[in-house]
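# Close look at the chain arrangement
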Amino acid sequence: MSEHLMRAALNAAERGWHVFPLRPGTKRPALHGETACPRTGPCTGGHRKWEDRATTDPDRIRAAWERAPFNVGIATGPSGLLVVDLDVPKDKSSTDAPCGAATFKALCERTGQAVPRSRTVRTASGGQHLYFTTPAAARLHNTAGTLAPLVDTRAWGGYVVAAGSLVDGTRYEVQGPALLRPLPDWLKHALVPPHPVNWPAVAAAGGGVHRPYVDAALAQETAAVAAAPEGRRNATLLRAARALGRFVASGDLTRDEVEMPLQRAGESAGLSATECRTTLRSALDWSITRNQTRTGVAA
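Residues numbered from 1 in each chain as written. Predicted model: local features only at pLDDT ≥ 70, side-chain atom pairs only at ≥ 80, totals over all residues. Heavy atoms only, no water.

Let us now look at helix α1 (residues 2-14). Residue pairs spaced three or four apart in an α-helix point in one direction, given the helix's 3.6 residues per turn. The first and last C-alpha atoms of α1 sit 18 Å apart over 13 residues, in line with the 18 Å expected at 1.5 Å per residue. Restricting attention to buried positions, one finds in α1 the residues L5, M6, A8, A9, L10, A12 and A13. Turning to α1, the residues buried within the fold contact β1 (19-22), α3 (58-65) and β2 (71-75). In the segment just after α1, G16 is the residue with positive phi, at about 90 degrees. (Helix = DSSP H or I, 4+ residues; strand = E, 2+ residues; numbered from the N terminus. Expected span 1.5 Å × (residues − 1). Buried < 20%, exposed > 50% of the residue type's maximum accessible area, 1.4 Å probe, protein only. Contact = heavy atoms within 4.5 Å.)

Dropping the structure here:
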């Protein structure tokens, strides 16, 4: 097993992709967090996160994977990659809920684009990772549900589990012969928000229209949660929910419009689904009540 996983790490590094170890059988980094940093070795000058410590050095990779059957994480930003994560519904009882592949296809159809073909990896949950190269000047970051429901992206600040890794007894595997291709321009533009003064009004779920600054605030807070570092994730989620709760109290956003993207952003940052739900519930309840009282809005 260790030899197989070491080979997966070396294969990724040979492509120029920066890798780091994940805990055996999981998707969680095997490196220490900031709060447990010994300030020795690579961290002598200060804590270095997994993105900074990811490597293409075959000697370092062999030394790490000789210690344990680590899964393989690919730091997407340093590797010049953007990976589109097409997830599957977490609620197994809902058989009619569309998966990420379906909502992404619908997005492509709405924009008049063919579904892009590139290197594809089947995930342990049955979803898909679509790999694309990105130009060095395009410093894209993670998104959670920005493109479509159950469609996330991993770039700077994010990572993906490499093919060959084993999670919950299922191996991540490359699907089909598709070559690694550049990120399509239309997809890059969809991931880079326009300047706020040029943002069009967006129809709200309830039939109203969001003011541009409301959408800007929602996008900014969601991005902050998705990129939150270890040790600050829950606090960042709490602050974002409290900040956006005022728009729920004023009627500019529905509760679902706030909860859904923040839930996915929190999970993508590494929080558990339960922890996200608990934090969001309490933070939004607090913020909505407080802001309704301030403005005289009836509860």
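Should pLDDT be low for a region, the predicted coordinates there are not to be read in detail. Looking at the protein chain, the pLDDT average stands at 86 and 89% of residues meet or exceed 70. Taken element by element, the protein chain is modelled with least confidence in strand β13 (residues 202-203), mean pLDDT 46, and with most confidence in strand β5 (residues 128-133), mean pLDDT 98. Low confidence marks residues 194-208, where pLDDT is under 50. Its contacts with residues over four positions away, or in another chain, come to 18 contacts. For the stretch residues 295-299, pLDDT sits under 50, and the model shows 4 contacts to residues farther than four places along the chain or on other chains. (pLDDT = per-residue confidence, 0-100.)

This brings us to the pairing of strand β7 (residues 151-154). Burial of β7 is two-sided: the residues V151 and T153 facing one way and the residues D152 and R154 facing the other way are all buried. With 4 bridges connecting them, strand β3 (residues 81-86) and β7 associate as antiparallel partners. Residue pairing in the sheet places D85 in a bridge with D152 of β7. Pairing of strand β6 (residues 143-148) with β7 involves 3 bridges; the strand directions are antiparallel. Its bridge partner lying in β7, T143 is registered against T153. Where β6 folds back onto β7 in an antiparallel hairpin, the turn is made up of 2 residues, including L150, whose phi is positive at roughly 65 degrees. (Pairing = 2+ DSSP bridges.)

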